[in-house]
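# Secondary and tertiary structure notes
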Amino acid sequence: MIKEKKEGSLIVISAPSGAGKGTIISELLKRNKNLWLSVLTTSREVRSNDIPGLTYDFVTKEDFEKKIKEDYFLEYTNYAGNYYGTPKDKIMEKLKEGIDIILEIEIEGAKNIRDKFSDAICIFIMPPSIKELVHRLKKRGTDSKEAIMARFQKAYQEINEVTKYNYVVVNDEVEVATKKIEAIILAEKCRVDRIEEVALDTKEEAIHELLMSEDI
Ligand code: 5GP
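Residues numbered from 1 in each chain as written. Predicted model: local features only at pLDDT ≥ 70, side-chain atom pairs only at ≥ 80, totals over all residues. Heavy atoms only, no water.

### Some thoughts on the site of the ligand
Neighbouring residues of the ligand: 15 residues in total, closest Arg44, Tyr56, Glu75, Tyr84 and Glu106. Take Thr86: an N or O atom from its side chain is 3.4 Å from an oxygen atom of the ligand. The separation between an oxygen atom of the ligand and a polar main-chain atom of Glu104 is 3.1 Å. Out of a free accessible area of 510 Å², the ligand has 87% covered by protein chains. Secondary-structure elements contributing two or more residues to the shell around the ligand are strand S6 (73-79) and strand S7 (82-87). Of the residues contributing to the shell around the ligand, the split by class is 5 nonpolar, 4 polar and 6 charged. (Near = heavy atom within 4 Å. Polar contact = N/O pair within 3.5 Å; in protein donor to acceptor, adjacent residues only side chain to side chain. Areas by Shrake-Rupley, 256 points an atom, 1.4 Å probe, with all protein chains shown as cover. Helix = DSSP H or I, 4+ residues; strand = E, 2+ residues; numbered from the N terminus. Nonpolar A, V, L, I, M, F, W, Y, C, P; charged D, E, K, R; others polar.)

### Quick notes on the environment of Arg194
Positionally, Arg194 belongs in the loop between helix H7 (174-189) and strand S11 (195-198). Residue Arg194 is classed as buried on the basis of its relative accessible area, which comes to 11%. Among residues more than four places away in sequence, those in contact with Arg194 are Lys3, Glu4, Lys5, Glu7, Gly8, Ser9, Glu188 and Lys189. A distance of 2.9 Å separates the side chain of Arg194 from the backbone oxygen of Glu7, its partner in a polar contact. (Buried < 20%, exposed > 50% of the residue type's maximum accessible area, 1.4 Å probe, protein only. Contact = heavy atoms within 4.5 Å.)

### Here we look at the sheet that holds strand S5 (residues 56-58)
The 4 strands lie next to each other as S5-S4-S7-S6, forming an open sheet whose pairing is mixed. Whereas interior strands pair on both sides, the edge strands pair on one side only; in this sheet they are S5 and S6. In this sheet, adjacent strand axes meet at a mean angle of 25° when their direction is disregarded. The pairing of strand S4 (residues 40-42) with S7 spans 2 bridges and is antiparallel. Across the sheet, Thr41 pairs through a bridge with Gly85, a residue of S7. Seen against the sheet, helix H2 (residues 61-69) touches S4, S6 and S7 and runs at an angle of roughly 40° to S7. (Pairing = 2+ DSSP bridges. Axes fitted to C-alpha atoms, helices over the stretch in contact; angles between N-to-C directions.)

### As for a nonpolar patch on the surface
Together, Met1, Ile2, Val198 and Leu200 give the surface a local cluster of nonpolar side chains, amounting to about 460 Å² of exposed area. Of note, Val198 is situated in strand S11. Classification of Val198 as exposed rests on a relative accessible area of 53%. (Patch = residues over 30% accessible without salt bridge, like charges linked within 9 Å, V, L, I, M, F, W, Y side chains within 5 Å. Salt bridge = Lys/Arg side-chain N within 4 Å of Asp/Glu carboxyl O.)

### Description of the environment of Ile25
With respect to the helices and strands, the residue Ile25 is situated in helix H1 (residues 21-31). We classify Ile25 as buried; its relative accessible area is 2%. In this structure, the C-alpha to C-alpha distance between Ile25 and Asn160, residues 135 residues apart in sequence, is 22 Å. Apart from the residues lying within four places of it in its own chain, the contact partners of Ile25 are Ile13, Leu37, Ile102 and Glu104.

### Points about the side chain of Lys94
For Lys94, the location among the structural elements is in helix H3 (residues 88-96). Lacking a salt bridge, the buried Lys94 has Glu97 as its closest oppositely charged neighbour, with an N-O distance of 4.9 Å. When neighbours within four sequence positions are excluded, Lys94 is seen to be in contact with Trp36, Ile99 and Ile101. (Lys, Arg positive; Asp, Glu negative; His and termini not counted.)

### A word on the packing of aromatic side chains
Summed over all chains, the structure comprises 11 aromatic pairs. Aromatic side chains Tyr76 and Tyr83 sit 6.4 Å apart centroid to centroid with 65° between the ring planes, which places their arrangement in the edge-to-face category. Classification of Tyr76 as partly exposed rests on a relative accessible area of 37%. Put simply, the rings of Phe64, Tyr72, Phe73, Tyr76 and Tyr83 pair up and form one aromatic cluster. Directly above the ring of Tyr72 sits Lys67, whose terminal nitrogen or CZ lies 4.2 Å from the centroid. A cation sits over an aromatic face here: Arg114 above Tyr165, 5.9 Å from the ring centre. (Phe/Tyr/Trp six-rings, centres within 6.5 Å; stacked < 30°, edge-to-face > 60°. Lys NZ or Arg CZ within 6 Å of the ring centre and 35° of its normal.)

Take a look at the structure:
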């Protein structure tokens, strides 16, 4: 009776550093087989916890600029002196196959995606409180006081951008936050503008036949 769009949803997730975005995204991927985390491209240096090809595709600044000219990216940005970009072809292919895609990108990128895909689902993950944010940033242990302060200031600025998103999820408990995001994705599938066609068989004989049938 109802024909829904087969295409997957584009889910943009942003969060200030310390909000716990990484943990929530791994939970979502573990539980939902139809979700795919897009591998993004960057020109930043590889860190010890990176797995090239999995956390990012790492390229040189020159290669990145070449790809920009070749229109390889859906969006790209320069963040803290490095390029980051979302490859176009793979994403369009997966969306057509009906796979839901998570893009873990920063605020500027989220805005660019929203301009191109009006039905992208933009979710902002928020730390539960400033105190907890500072605690989480300090807990990482490896950063100097100055580095922690810089991260905090950046996070504070980013939190002010929350109203540009469709949804905000406070990450107090990972389990609850993950369930909220699953609920958002599910609710978005029921949006009326995802309906392609409502086919009602209005032929009188057909309806009469149904009314008279003893089988239903
Ligand atoms: P990191 O260097 O810590 O991995 O990432 C720095 C920031 O860049 C994060 O906020 C991350 O979400 C964002 N980012 C990563 N890839 C992309 C991308 O392809 N496009 C945009 N706009 N931001 C990205």
